[in-house]
Amino acid sequence: MTRKIRLNWARKQIIQERILCSKKIIEKIFTVKIKPLKNGTLSRFGKESFGKEFRTLAFYDPNKHIIYFNVKFINKADGKLVHEILIHELIHAISDHSTIKIPGLTILKSGLKRQFFTKKKDGCDCKALNEGLVQYLCNKVIGRQSLSYRYEVEFITKLISLVGEETLIEAFVSDDVSIFEDKIDERFGREKFSDVCRKLDQGKYTIALRIINQSINDLSRAVEPTDCELNKYGLGLI
Ligand SMILES: [Zn+2]
């Protein structure tokens, strides 16, 4: 499409990351296609997914396994930025996209993001968390801290220090998120975590970070024995 898009180089860079080189990821990354998006307006997919048409630089369509790029933008943009966006979209492309159907409810899972559809209403959660993880991985691949999704990335970095990188990646690429959910439940409690995700989706990053830090403090207070208890066992603190 343009000399600025170096697809094979981007593919190789991603699978060189130790954590992103499974057979499933390699297969997905070498089958994804790139197509131009004229005038930067989202196609019917954009309307279906986001409910409106708007201009965008690039997006990944999981139904077709295609990354669409805004041609006008690429022609004007700096090559480094085009490469970063390509890596970001390729990481979306290697994430899990599955549909879970239970009576009365359909869930579309995209990486960590989940869209819910019932007869009465639709909803979406963990969108910001998903973008944060995509950009966190993108930053690792490009070897620098981008300004894109910086607050979401900051949050993901904190989360990774608590539950581990592998746990998040596993939930991102697999249709089974139970390990991730169990770890999250263990750490924060189910209610608290959905609350944090909602705050992130609303752009309330400081509040989300505060909730997570508060949960850690509460938990460490709950499990740490008091001085008296330690004395009882002859392990008095000096
Ligand atoms: Zn994205």
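Counting from 1, residues in each chain are numbered in the order their sequence is written. Local features are withheld for residues below a pLDDT of 70 in this predicted model, meaning they are given only at 70 or higher, and side-chain atom pairs are given and counted only at 80 or more; totals for whole chains, interfaces and linings count all residues.

Chemist: Honestly, the overall build of the protein in this entry has me stumped. Any pointers?
Modeler: For helices the rule is a DSSP run of H or I covering at least 4 residues; for strands it is a run of E covering at least 2, with both sets numbered from the N terminus onward. A count of helices and strands for the protein gives twelve helices and seven strands. Residues counted as buried form 28% of the 238 residues belonging to the protein. Sequence-distant contacts, at least 24 apart, represent 51% of the contacts inside the protein between residues at least 6 apart. With C-beta atoms placed from the backbone, a residue counts as buried when 20 or more other C-beta atoms lie within 10 Å of its own, as exposed when 12 or fewer do, and as partly exposed for counts between those limits. The contact rule is simple: place each C-beta atom from the backbone, and if two of them lie within 7 Å, those residues are in contact.

Chemist: Help me understand the nonpolar core in this model?
Modeler: The nonpolar side chains of a soluble globular protein tend to be buried with one another. Judged by nonpolar contacts, the single largest core of 47 residues is most densely connected at Ile14, Ile87, Leu90, Ile91, Leu133 and Leu137. Filtering out sequence-adjacent residues up to four positions away, leucine 133 remains in contact with Gly111, Leu112, Ile156, Leu168 and Phe172. Note on terminology: a nonpolar core is any set of buried Ala, Val, Leu, Ile, Met, Phe, Trp, Tyr and Cys residues joined through C-beta atoms within 7 Å.

Chemist: I keep staring at helix 6 (residues 127–142) and nothing clicks. Help me out?
Modeler: Along an α-helix, residues three or four apart share an orientation, since each turn contains 3.6 residues. What a helix is expected to span follows from its residue count: subtract one and scale by 1.5 Å. For helix 6, spanning 16 residues, the distance from its first C-alpha to its last is 22 Å, which sits close to the expected 22 Å at 1.5 Å a residue. Counted residue by residue, helix 6 has 13 buried out of 16 residues, so it is predominantly covered. Two residues or fewer after helix 6 comes glycine 143, characterised by a positive phi angle close to 70°.

Chemist: It is not clear to me how the packing of helix 5 (residues 79–94) against helix 6 should be interpreted in this structure. Could you clarify?
Modeler: Where helix 5 contacts helix 6, the axes come no closer than 9 Å and their chain directions differ by 130°. In terms of their interaxial angle, helix 5 and helix 6 are classed as oblique. Pair helix 5 / helix 6 crosses with right-handed handedness. Judged by residue contacts, Glu84, Ile87, His88, Ile91 and His92 of helix 5 engage Val134, Gln135, Leu137, Cys138, Val141 and Ile142 from helix 6. When residues are sorted by character, Ala, Val, Leu, Ile, Met, Phe, Trp, Tyr, Cys and Pro go into the nonpolar class, Asp, Glu, Lys and Arg into the charged class, and all the rest, Gly among them, into the polar class. Classifying every residue of the contact of helix 5 with helix 6 by side-chain character gives seven nonpolar, three polar and one charged. Helix axes are fitted to C-alpha atoms over the stretch in contact, other axes to C-alpha atoms as well, and angles between N-to-C directions run from 0 to 180 degrees. Should an angle fall under 35 degrees it is called roughly parallel, over 145 degrees roughly antiparallel, and 65 to 115 degrees roughly perpendicular, with every other angle called oblique. Crossing handedness follows the turn of the near helix against the far one: under a right angle anticlockwise gives a left-handed crossing, and clockwise gives a right-handed one.

Chemist: What exactly am I supposed to notice about the confidence of the model for the protein here?
Modeler: Regions with low pLDDT should not have their predicted coordinates read in detail. Averaged over the protein, the pLDDT score is 82; the fraction of residues at 70 or greater is 82%. Per residue, pLDDT captures the predictor's confidence, and it can take any value from 0 to 100. Mean pLDDT across the elements of the protein ranges from a minimum in helix 12 (residues 227–232), with 38, to a maximum in helix 6, with 96.

Chemist: How do you make sense of the pairing of strand 3 (residues 66–70) when you look at a structure like this?
Modeler: Two faces, one strand: in a regular strand the side chains alternate between the faces of the sheet. Burial of strand 3 is extensive: four of the five residues sit out of reach of the surface. Note: two strands are recorded as paired if DSSP finds a minimum of 2 bridges between them. With five bridges joining them, strand 1 (residues 33–37) and strand 3 adopt parallel strand pairing. For lysine 35, the partnering residue across the bridge sits in strand 3 and is tyrosine 68. With four bridges connecting them, strand 2 (residues 58–61) and strand 3 associate as antiparallel partners. Residue pairing for strand 3: phenylalanine 59 is matched across the bridge by tyrosine 68.

Chemist: Which parts of the structure should I look at to understand the sheet that holds strand 5 (residues 105–110)?
Modeler: In a beta sheet, neighbouring strands pair by backbone hydrogen bonds and run either parallel or antiparallel. Strand order across the open sheet formed by four strands is 4-5-6-7, with antiparallel pairing between neighbours. Of all the strands in the sheet, just strand 4 (97–102) and strand 7 (122–125) have a single pairing partner and so form its edges. The mean inter-strand angle of the sheet, taken between neighbouring strand axes irrespective of direction, is 15°. Judged from the six bridges that link them, strand 4 and strand 5 form a sheet pairing that is antiparallel. Bridging from a neighbouring strand, isoleucine 100 pairs with isoleucine 107 of strand 5.

Chemist: What should I look at first to understand the packing of helix 7 (residues 150–163) against helix 8 (residues 165–173) in this one?
Modeler: Axes are the key here: two packed helices are described by the angle between their axes and the distance separating the axes. Put simply, helix 7 and helix 8 touch, their axes get as near as 7 Å, and they point 110° apart. As far as their axial angle goes, helix 8 and helix 7 are roughly perpendicular. Where helix 7 approaches helix 8, its residues Leu159, Ile160 and Val163 are matched on the opposing element by Glu165, Thr167 and Leu168. Per-class residue counts for the contact of helix 7 with helix 8 are four nonpolar, one polar and one charged.

Chemist: Looking at this model, I keep getting lost on unusual backbone geometry. Mind explaining?
Modeler: Keep in mind that most residues, glycine aside, have a negative phi and that most peptide bonds are trans. The phi dihedral of cysteine 126 falls on the positive side, at around 65°, and the residue is not glycine. In this structure, cysteine 126 sits in the loop between strand 7 and helix 6. In the Ramachandran plot, tyrosine 149 falls in the positive-phi region, its phi being about 45° despite a non-glycine side chain. Position of tyrosine 149 among the secondary structure elements: in the loop between helix 6 and helix 7. For tyrosine 149, a count of 20 C-beta atoms within 10 Å corresponds to the buried category.

Chemist: Sorry, what's going on with the sheet that holds strand 3 here?
Modeler: The three strands are arranged 1-3-2 in an open sheet whose pairing can be described as mixed. Taken across any chain shown, the strands that pair with only one partner, and hence form the sheet edges, are strand 1 and strand 2. Here the average twist between neighbouring strands, direction ignored, is 25°. Each of strand 2 and strand 3 is contacted by helix 5, which is oriented at about 15° to strand 2, the strand it contacts most.

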